[in-house]
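What follows is the residue order along each chain.
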Amino acid sequence: MDVGKLVAVIGDEDTVSGFLLAGVGHRTADSTNFLIVKTDTRLTQVEEAFRNFSQRDDVGIILINQHIASDIRHVLKDYDQTIPTVLEIPSKEHPYDAEQDYIMQRVNMFLGGGT
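Residues numbered from 1 in each chain as written. Predicted model: local features only at pLDDT ≥ 70, side-chain atom pairs only at ≥ 80, totals over all residues. Heavy atoms only, no water.

Counting its regular elements, the chain contains five helices and four strands. Rg of the C-alpha trace for the chain: 14 Å, near the compact-globule value of 13 Å for 115 residues, within the 12% margin. The dimensions of the chain, computed from C-alpha atoms along their principal axes, are 45 × 40 × 25 Å. Expressed as a percentage of the 115 residues in the chain, the buried residues total 37%. With the model as given, the accessible surface of the chain reaches about 7,400 Å², and the carbon-plus-sulfur share is 53%. (Helix = DSSP H or I, 4+ residues; strand = E, 2+ residues; numbered from the N terminus. Rg over C-alpha atoms; globule rule 2.2 N^0.38 Å. Buried < 20%, exposed > 50% of the residue type's maximum accessible area, 1.4 Å probe, protein only. Areas by Shrake-Rupley, 256 points an atom, 1.4 Å probe, with all protein chains shown as cover.)

Attention now goes to the nonpolar core. Ranked by internal contacts, the top residues of the largest apolar core, which has 18 residues, are Ile10, Val46, Phe50, Ile62, Ile64, Ile72 and Val86. Take this core: its biggest share by element is four residues, from helix H2 (residues 43–55). Discounting residues that sit within four places of it in the chain, Ile72 has contacts with Leu43, Val46, Glu47, Phe50 and Ile64. (Core = buried A, V, L, I, M, F, W, Y, C linked by side-chain atoms within 4.5 Å. Contact = heavy atoms within 4.5 Å.)

Turning next to the confidence of the model for the chain. Confidence in the prediction for the chain averages 87 pLDDT; 93% of positions are at 70 or higher. The element-level mean pLDDT for the chain is lowest in helix H5 (residues 102–110), coming to 72, with H2 highest at 96. (pLDDT = per-residue confidence, 0-100.)

Strand order in this open sheet of four strands is S2-S1-S3-S4, and the pairing throughout is parallel. Edge positions in the sheet fall to strand S2 (34–36) and strand S4 (85–89), since each has one partner strand and no second. Averaged over all pairs of adjacent strands, the angle between their axes in this sheet comes to 20 degrees, without regard to strand direction. Examined bridge by bridge, strand S1 (residues 6–11) and strand S3 (residues 59–65) share five bridges and lie parallel to one another. Counted as the bridge partner of Leu6 is Val59 from S3. (Pairing = 2+ DSSP bridges. Axes fitted to C-alpha atoms, helices over the stretch in contact; angles between N-to-C directions.)

Going from Ile83 to Pro84, the amide bond is cis rather than trans, its omega being 0 degrees. Within the element layout of this structure, Pro84 appears in the loop between helix H4 (73–78) and S4.

Next up, the structure:
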């Protein structure tokens with residue numbers, strides 16, 4: 001039986017809670033597929049969570065709040081894998097800005113829209 005891949009979530013409490021309520025959460029004795037980022041969460045902890053999720057074979061998509069992705073942009077710029085795919089999403093407090101989204105920047109570059 002083929003087993004699907006997980007969706008990992010890095011976000012604020014409202015975002016992660018919403019996805020967990022929708023059934024996205026997965027917890028084992030060793031790990032989870034989510035990180036709730038609060039004001040006291042260290043940047044190194046967010047970077048480590050991203051690196052861990054991106055290296056897991058059971059994760060197919062990493063959802064990350066755009067304002068948090070901006071904080072670890074230096075890590076995201078070096079990420080070049082197709083799977084897991086990284087998608088930046090808005091949060092309740094921070095609306096989506098396509099100009100900050102690395103994926104949208106690359107799409108615009110490929111379509112001749114500039115840098």
